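# Results of the structural survey
Take a look at the letters that make up each chain.
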Number of protein chains: 2
Amino acid sequence: MVKSELQVARAAYQPKLPQALAGIVKVSEGTATESVADQAEIKKLFPHTYGMPILTFQDGGESMLTAKMNVGVILSGGQAPGGHNVISGLFDGVKKLHPENKLYGFIMGPGGLVDHQYKELTAELIDEYRNTGGFDIIGSGRTKLEKEEQFEKGYEILKKLDIKALVIIGGDDSNTNACVLAEYYAAKGYGIQVIGCPKTIDGDLKNDLIETSFGFDTACKTYAEVIGNIERDCNSARKYWHFIKLMGRSASHIALECAFQVQPNVCIISEEVEAKNMSLDDVVTYIAQVVANRAVDGNNFGTVLIPEGLIEFIPAMKALIAELNDFLATNGDIFNSIKRSKQRDFIIDHLSPANAAVYASLPESVARQLSLDRDPHGNVQVSLIETEKLLSEMVATKLDEWKKEGKYVGKFAALHHFFGYEGRCAAPSNFDANYCYSLGHTASVLIAAGKTGYMASVRNTTAPAEQWIAGGIPITMMMNMERRHGELKPVIQKALVKLDDAPFKAFASVRDSWARETAYIYPGPIQYFGPSVICDQPTHTLKLEQTK
Amino acid sequence: MVKSELQVARAAYQPKLPQALAGIVKVSEGTATESVADQAEIKKLFPHTYGMPILTFQDGGESMLTAKMNVGVILSGGQAPGGHNVISGLFDGVKKLHPENKLYGFIMGPGGLVDHQYKELTAELIDEYRNTGGFDIIGSGRTKLEKEEQFEKGYEILKKLDIKALVIIGGDDSNTNACVLAEYYAAKGYGIQVIGCPKTIDGDLKNDLIETSFGFDTACKTYAEVIGNIERDCNSARKYWHFIKLMGRSASHIALECAFQVQPNVCIISEEVEAKNMSLDDVVTYIAQVVANRAVDGNNFGTVLIPEGLIEFIPAMKALIAELNDFLATNGDIFNSIKRSKQRDFIIDHLSPANAAVYASLPESVARQLSLDRDPHGNVQVSLIETEKLLSEMVATKLDEWKKEGKYVGKFAALHHFFGYEGRCAAPSNFDANYCYSLGHTASVLIAAGKTGYMASVRNTTAPAEQWIAGGIPITMMMNMERRHGELKPVIQKALVKLDDAPFKAFASVRDSWARETAYIYPGPIQYFGPSVICDQPTHTLKLEQTK
């Protein structure tokens, strides 16, 4: 691997650990826990891993040196900055327990466990990846570990490699599956522990005890850097509205955090749109009104942040998509036999009046996308909809109407951007480098303590790293029952943006002034070597959440 | 203005100056110069500013303190990182000449001079903008200063403000116009000097004496940061080909420099495509072959860099667009009256066979774009063509054919990106911060020395800043005659990528191994505070050009 100068310098960075992890760790156990909801059902499904206590690591335990053992690790799902540091923290922790301990990585995600694809992660290999972005040390994948057959195939290779514990680094679904696997191995008496680590740039795997998922910090800062640059361009050229879509299919945490970092004119929060039952036209009208207000001041430019998942949070769009899916499932053949120019009317004629009206209001390109670009199951591919273009087109149409009515005087020209892949594999910020390394190290202590069904937890994360509090949280504690593909399943509750939490409330209190004024902030690129106030700050979201 | 912590820290950065500019400057004059071509015509058009000597600044002159004077400055054209540092270097230089000297900025580009929109740039204001990105201190604009009437309107306000010299910060066209203005004011005996500064992220304003245009360094590093992140994602997920379009309508310098920084699998250089008379199919075949070769190794992922201006460099596309423009200019009404589904055939039936074949080979969306999305003059809007999607669609089609023929076994899925606005207003790298500040300071010395029709020049830029050589280059020296809108005009020669220059040759010698292997480099974000090897490196392009 040819390395950039920055990689070379960063390789030498020694991530910080919570004080308690630096020496010999004492594991302190709290009282028994309950799941956040559906206690009886969850307890029944997880007899061996339910109700376990919260663990907190403290300084000054007895020696934790254990007998020789091997550990396995899996990266699951989408990339997030810092994955390599979880692995290097785990490696160092495991080696500290016993220098002959071995760490095996399963290749290309959970599928590597099932297909017995693995490699030993040696010190030499680990050293190549310290403090780097990406998941390329072993790759990642989206195979879901859900079936007994998979668990048994996994057990085969784990037994063969003499692996005592498996660490699964993933999002809410992967951690749910980690717990199911932990329960299964415990029930079978296989003696293999399973530990989870909270990963996702989306920031939607968090709760009172898991303060943040790793990668959120770096990804948001990377997006904020380029959005800030666009804002400065916008404010220099003074002639474009930039519509910027940001990754985050479910939660709008990324958009909200970026909004704090760059203070755009508009930031749409999907969860608010849903809670207020806003229509697509409501969203468009809101943006158009901001454009019109700024035009009064002669400011025919601005910046709009849009979360990727917005469309599915608009109740009317959700209803339309559901009916379209049903309708085209049964009438697909007729639809396809109709002349292209007549297809739109055909749909409008056959949908329920409310959905027909929504469909008719869509720009032609989006209407076509909804009816034509369908996945192999016949469903609309919502992720292909270019929401940023959809909104700017509809805003332009609305402004044209207002212009005719004399309600708008200005020029409107839009440019579009989508940021996602630009941040998922950025080299981790100091925060993520430290947080991830600590999570990996924490996982090794949970293993040494013989725990299973736990998620590594590092708390008090707005304090300096030395004061962070490490420990373990029973995964069952985060679960409730949710309907998935028609079945009730135990899953970790996804943490969406809550309208009564500090971050959203802080945003709501200032957004009107950001909308009218040009209050842009230009955060610039992530720095690794400068003053701590630049290099070591956690996200606004985390700070606001922790100071409640 | 609310400032980010990084902005606050960077405000304190003192840009470095060439040694000769630190003290009292001695201006050393070379021999008379000639224009690069068309000497007789250029000399005739610029009797007062032709043939002037190259100026080199040296240490140890007499006192340069001058009588009180005022200076004006204009930002012209697209944003480039470092513009504010040119202005602050100019400001500090002008104040050093005499503390009561004043600097006026004309608002929103050359139009501000014509319309008499200006503001005084005070020390307080300048301090807000040191080492920041953007052109927002006075804004920029694209009004072309070409007409005598504009020159006279400009003279009115310059005289009124008692401005002795005007500094125009712009690209090749703006500097051409600066020289025309210098000549005009000299011919009229108005006593107003005009000095140019080389700006453009595209890097196409350079020659033996102007080593680089400012902003190229920072913009390329910003693009390389996010492309590197995408590459790391690509190499972790191992399932996508990322097609990345990069700004640069004329020259491919940005794509080439980014290629050195990130080592992608493919980088298309427009100038090579034109020189080799490659067809669109040739370009598609080249990319598809790289995809197919990597698929043999099981690597169904990769990164492709595409310069924005590619389409116009493909001779066959150029010919097609020219004929389409002519054809639709005369047959537009008939075309518009035809059913949409028949329009494509209508065009194919009426074009010359060669162009009809090219048109027929295009994906429908692009064919439609070429025939429908036309500017007010009826011309194809080439900049609206999503070249990155066009190429990936055609590559997919080609791979499907090869699959049927048994020549390709693999999976191909593409994602698309376009980077431009993300880098034009980034905060300047140390290189650009120093280079721009030096350029501005150099302009002040040229003014003090009574010069006009010169471009500020800072050379030896691969050495530490103290060893840089400042001076002035007669703008006429860079000119030749070119046809513009049907008329022969004196213009600064645009510096395209030259196939026999060191950068392209270095690229050509390694691209085959980059294509097959995964040789990605992840440069990471621009750093300001770390080791010099990370923070102070010039571009690969510059280093390769200067070590010839």
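Provided above is the structure to which this section pertains.
The notes below deal with the structure included here.

Rules used in this analysis
- Residues numbered from 1 in each chain as written.
- Chains lettered and ligands numbered in written order.
- Predicted model: local features only at pLDDT ≥ 70, side-chain atom pairs only at ≥ 80, totals over all residues.
- Heavy atoms only, no water.
- Least-squares fit on C-alpha atoms with pLDDT ≥ 70 in both.
- Contact = heavy atoms within 4.5 Å.
- Pairing = 2+ DSSP bridges.
- Helix = DSSP H or I, 4+ residues; strand = E, 2+ residues; numbered from the N terminus.
- Axes fitted to C-alpha atoms, helices over the stretch in contact; angles between N-to-C directions.
- Buried area = accessible area lost by both parts, 1.4 Å probe.
- Salt bridge = Lys/Arg side-chain N within 4 Å of Asp/Glu carboxyl O.
- Polar contact = N/O pair within 3.5 Å; in protein donor to acceptor, adjacent residues only side chain to side chain.
- Buried < 20%, exposed > 50% of the residue type's maximum accessible area, 1.4 Å probe, protein only.
- Phe/Tyr/Trp six-rings, centres within 6.5 Å; stacked < 30°, edge-to-face > 60°.
- Lys NZ or Arg CZ within 6 Å of the ring centre and 35° of its normal.

Now for the relation of the copies chain B and chain A. By a simple turn and slide, chain B fits onto chain A: the slide is 0.0 Å along the axis, the RMSD is 0.1 Å, and the turn is 180°. The relationship between the two copies is best expressed as a two-fold rotation axis. Most of the interface of chain B is mirrored in chain A, where 98% of its interface residues are also at the interface.

Pairing between the strands of a sheet is mediated by backbone hydrogen bonds and can be parallel or antiparallel. Residue and element names in this part refer to chain B. Strand order in the open sheet formed by 9 strands is β1-β2-β13-β12-β7-β6-β3-β4-β5, with mixed pairing between adjacent strands. Because the sheet does not close on itself, it has two edges, and the strands there are β1 (25–29) and β5 (118–120). Within the sheet, the average angular offset between the axes of one strand and its neighbour, ignoring direction, is 30°. Where strand β3 (residues 70–75) and strand β4 (residues 102–106) come together, 4 bridges link them in parallel fashion. Paired with V73 across the strands is G105, a residue of β4. Against the sheet, helix α8 (residues 172–188) touches β6 (163–170), β7 (193–198) and β12 (454–459), its axis set at about 160° to β6.

A few words on the interface of chain B and chain A. On the side of chain A, 63 residues touch chain B, which itself brings 63 residues to the contact. At the boundary of chain B with chain A, total buried surface from both sides reaches about 4600 Å², with 55% on carbon and sulfur atoms. Connecting chain B to chain A are 6 salt bridges. The salt bridge involving R232(B) is made with D136(A); its shortest N-O contact spans 2.9 Å. Applying the counting criterion to the chain B and chain A interface returns 24 residue pairs in polar contact (both at pLDDT 80 or more).

It is worth spelling out the pairing of β4(B) at this point. Residue and element names in this part refer to chain B. Of all 5 residues in β4, 4 are buried; the element is thus mostly enclosed. Inspection of the sheet shows β4 paired to β5 by 3 bridges, in the antiparallel sense. By the bridge assignment, Y104 is partnered in β5 with E120.

This next bit is on the sheet that holds strand β8 (residues 241–246) of chain B. Read across the sheet, 4 strands follow the order β9-β10-β8-β11 (chain B) without closing on themselves; strand pairing throughout is parallel. A single partner strand is all that each edge strand has here, and the edge strands are β9 (266–267) and β11 (414–419) of chain B.

Okay, the packing of aromatic side chains next. Under the criterion given, the structure shown has 36 aromatic pairs over all chains. Relative to Y190(B), the ring of Y184(B) has its centre 6.3 Å away and its plane inclined at 75°; by these criteria the two rings are edge-to-face. Judged by its relative accessible area of 11%, Y184(B) falls in the buried class. Among the aromatic residues, those joined into a ring-pair cluster are F151(A), Y155(A), Y184(A), Y185(A) and Y190(A). Sitting above the plane of the Y13(A) ring, R10(A) keeps its charged end 4.3 Å from the centroid. Over the ring of F301(B) we find R294(B), and its NZ or CZ is 4.9 Å from the ring centre.

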